[in-house]
Amino acid sequence: MDENKKIIDLTPEELAELGYLTDRVAPGVKKRVEEVLANPKLLGDVTVFMVECTIRRNPRQAAAPLGAADPLAPPMSPTSPTSPTSTVSDADTVFSRYSSNSLALTVVTPDLISKYESDFYYHGLSGSPPPLLWRSDLEENPFPVPAPGDRFFSIPVKTAHDAIDTPLAAVWPTVCPAIVASFKSHGIKYTAVKPVRFSINSDEHLGPAVVWIAIPPKSSEAGTVRDATPDILRILADAQITGVAVEWYLGTIKRLANPALMAIEDHTSAAFGLNHPFNVGLGVPIARQSDDAQGTLTFFFREVQDKDGNPSSRILGVTNKHVACLDTTTNYEFQDTDPQHILVCGDRRFDLAIEDIEEKVDDCFRDLLGLTSELALAEVKAESGGPKYVTALARKKTAHADKTADSKTLKALFDEAKADWADANKRRLGIVEWAPKISVGTGDRPYTCDIATFVVHEDKMTNFEANALDFAAFPSTSSLSRLSSSRLLTHTFSGDRYNARQLEKLFWSDVTASGDNSIPEDLQLPIARVLPHHLVITPDSVGKDGKPELVVAKYGSKTKLTLGRYSKLMAYVCDDLGVESQEVAVFNYNKASGNFSDHGDSGSLIVTGHGDAIAVLHSGMPYEGYSHVTFGMPAYHVIELIRAEYPFAEFCGIATN
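Calculation criteria
- Residues numbered from 1 in each chain as written.
- Predicted model: local features only at pLDDT ≥ 70, side-chain atom pairs only at ≥ 80, totals over all residues.
- Heavy atoms only, no water.
- Buried < 20%, exposed > 50% of the residue type's maximum accessible area, 1.4 Å probe, protein only.
- Helix = DSSP H or I, 4+ residues; strand = E, 2+ residues; numbered from the N terminus.
- Pairing = 2+ DSSP bridges.
- Core = buried A, V, L, I, M, F, W, Y, C linked by side-chain atoms within 4.5 Å.
- Contact = heavy atoms within 4.5 Å.
- Phe/Tyr/Trp six-rings, centres within 6.5 Å; stacked < 30°, edge-to-face > 60°.
- Lys NZ or Arg CZ within 6 Å of the ring centre and 35° of its normal.
- Patch = residues over 30% accessible without salt bridge, like charges linked within 9 Å, V, L, I, M, F, W, Y side chains within 5 Å.
- Areas by Shrake-Rupley, 256 points an atom, 1.4 Å probe, with all protein chains shown as cover.
- Salt bridge = Lys/Arg side-chain N within 4 Å of Asp/Glu carboxyl O.
- Polar contact = N/O pair within 3.5 Å; in protein donor to acceptor, adjacent residues only side chain to side chain.
- Expected span 1.5 Å × (residues − 1).
- Bend = angle between axes of the 7 residues up to and from the residue.

1. Here we look at the pairing of strand β7 (residues 285–288)
Right, on to step 1. A two-sided burial pattern is seen for β7, the buried positions comprising Pro285 and Ala287 on one face and Ile286 and Arg288 on the other.
Right, on to step 2. Direction of pairing for β7 relative to strand β8 (residues 294–296): antiparallel, over a ladder of three bridges. Across the sheet, residue Ile286 finds its bridge partner in β8, namely Gly295.
Right, on to step 3. Hairpin geometry of β7 and β8 is characterised by an intervening segment of five residues between the two adjacent antiparallel strands and by a positive phi of about 65° at Asp292.

So this is what it looks like as structure tokens:
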């Protein structure tokens, strides 16, 4: 059957063969086809392809239980108490988990805090916050506990912020190494040490500075870290720092490249940057062809001249070493006989991109049906209701025509993607050239070196002009439902994408604090510069009341466009092999925003709303599928490393002075 054939042109025999009017399809599909056949004037352009997209997105299933939502029914308001996006209250969650477990609210040896406090102390930092092990202010700052039978109890919701405007910030480069040294004297392995402050329940008031220490699970008991805490407080007191809490929790660091051969879960929206996997914007999903391990493109640069000074027209891409190479412990050596190919999309990511297009087609079909119903009603009102109804009718006709045109554009994109990109060999973006082993720098550059370059095939760069981050992309359905119902974000969404004004409100709490606080109307954010060292450690961004504030963004292969809160102070990190480094740290924006990063986002460029590159993402601290901290190497250091290998590199619009 030709998928381009219109439904109204199908013969009875063809309709019977397709089964669109039988119980072989979901009831909602049958109803849609019946509406098309009943209204050939307005729905005559609906094709077999559009119906097939709906079927693939909503396969025929057994009858749903009474009261279950029809997946093809119009969506309910996200603020409605019956909305499918509403969540069970915190109180219900607490009592369902703990009401039958009397030990959950008591301390059980060898623990020093209750299971309840351990699980919920960091509630709000991520979808599954890490467990607390011990904290120094346990007695003077008790964690609220629900009383038996209290069904209106609400768990405090925390959000992590930087500690740049506290006395701790000035001495952090001195005291943190001393704190790390104290761990070793107590035989404690650590994962990361970060300065942080927390707000509670969206209150603008921030709590005291916290030395936030993550240790590997099962590495030390609570009593051990409790006994080590006085030494930390003594180090702080010697530096004239008081009123600081020390908090220990369990956490590990993971490289955020997608593990090879692990399927990507189908929970992301189809309506986010439909051609993004195939375009030249930053954040393009990439993968090793050898094993489909996936990551993200950081940026492009031009070689200009080779090391000998000869002219060069080559364009190279940048990503993480662990994305480009399976072996991260040795320096990569290029071999003509066995080159490492980097693809635009691995096989799994390509399949997801196709599903995204199909789901957008399904949404478009659904919108056409809704607009058709609105037009019928508008025509009746326009005949008897006066000028305002005539205007409304004209606008609805325009919207209907636009939506019909959209469906044809989506079909063209689908055909192009299948024809030009389905073959993995056609998705070859380039060949790995330089990928030093993952290491840690010394001196004043104690950062992780997790970098690789690949020579981009010339025919892939015809439309490339300069490095820019594509904000004209669609957030996932789950992200939209969380954000639109969040009390912590004051904006609303128009349709299903961010616009410039909405992004401005996310980046800057006070958009008027600077005349430069604006997002381009076309949502194409040029990467203007790499922040130099002094601005990485002391950003000049100012928010409400003149306080330092810096919200950052990244576009990654897995989580796509996300925003987070930049720590401003370096995190001290130790991996499972005992290798120590300092890293740029980014916290999740808030509970509603979800993870800032996830597996597959490695290589993403972390930027400010002004297009300043801060860091290149390489790892995070996931816990039960959710990450509360993301780490990256400073972008200026990445530029230094590239210039050492490519002395004449030009960064395609990014100022690097």
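2. A word on the nonpolar core
Right, on to step 1. Judged by nonpolar contacts, the single largest core of 58 residues is most densely connected at Phe183, Val193, Val211, Trp212 and Trp248.
Right, on to step 2. When sequence neighbours within four positions are dropped, the list of residues in contact with Val211 reads Leu168, Trp172, Ile179, Val193, Lys194, Leu236, Val244, Ala245, Val246 and Glu247.
Right, on to step 3. One finds Val586, Phe596, Ile606 and Ile654 within the second-largest nonpolar core, a separate group that totals 56 residues.

3. Section: the packing of aromatic side chains
Right, on to step 1. In this structure the tally under the stated criterion is 21 aromatic pairs.
Right, on to step 2. Considering the side-chain rings of Tyr122 and Tyr249, the 5.7 Å spacing of their centres and the 70° angle between planes classify their relative orientation as edge-to-face. On the criterion of sequence distance, the pair formed by Tyr122 in the loop between α6 (115–120) and β1 (132–135) and Tyr249 in strand β5 (residues 245–250) is long-range, its members being 127 residues apart. Tyr249 shares its class with Tyr122; the two are buried.
Right, on to step 3. Relative to Phe587, the ring of Trp212 lies with its centre 5.9 Å away and its plane at 65°, an arrangement referred to as edge-to-face. Of this pair, Trp212 sits in strand β4 (residues 210–215) while Phe587 sits in strand β22 (residues 580–588), and the two are 375 residues apart along the sequence. Phe587 shares its class with Trp212; the two are buried.
Right, on to step 4. In this structure an aromatic cluster arises from ring pairing among Tyr116, Phe120, Tyr121, Tyr122, Phe143, Phe198, Trp212, Tyr249 and Phe587.
Right, on to step 5. Here the guanidinium or amino end of Lys554 rests over the ring plane of Phe596, the centre of that ring lying 5.5 Å away.
Right, on to step 6. Here the guanidinium or amino end of Arg565 rests over the ring plane of Tyr589, the centre of that ring lying 4.5 Å away.

4. Some remarks on a nonpolar patch on the surface
Right, on to step 1. Together, Ile8, Leu21 and Leu37 line one region of the surface with nonpolar side chains, adding up to about 200 Å² of accessible area.
Right, on to step 2. For Leu37, the position within the fold is in helix α2 (residues 27–38).
Right, on to step 3. The partly exposed category is assigned to Leu37, whose relative accessible area is 33%.

5. Thoughts on the environment of Thr448
Right, on to step 1. Mapped onto the fold, Thr448 is located in strand β14 (residues 448–449).
Right, on to step 2. For the pair Thr448 and Phe631, spaced 183 residues apart in the sequence, the C-alpha separation amounts to 9.8 Å.
Right, on to step 3. Excluding residues within four positions of it along the chain, Thr448 makes contact with Arg255, Ile438, Ser439, Val440, Ser581, Gln582, Glu583, His618 and Met633.
Right, on to step 4. A polar contact of 3.4 Å, which involves the side chain of Thr448, links it to the side chain of Ser581.
Right, on to step 5. Among the polar contacts listed, one links the side chain of Thr448 to the side chain of Glu583, at a separation of 2.3 Å.

6. Some thoughts on helix α8 (residues 222–238)
Right, on to step 1. The end-to-end C-alpha distance of α8, which contains 17 residues, comes to 25 Å, matching closely the 24 Å that a straight helix rising 1.5 Å per residue would cover.
Right, on to step 2. Approximately 25° is the largest bend angle found in α8, and it occurs at Thr229, with the proline Pro230 only one to four residues beyond.
Right, on to step 3. Of all the residues in α8, the buried ones are Ala222, Gly223, Val225, Ala228, Thr229, Ile232 and Leu236.
Right, on to step 4. Of the surrounding elements, those touching the buried residues of α8 are β1, α7 (167–185), β4 and β5.

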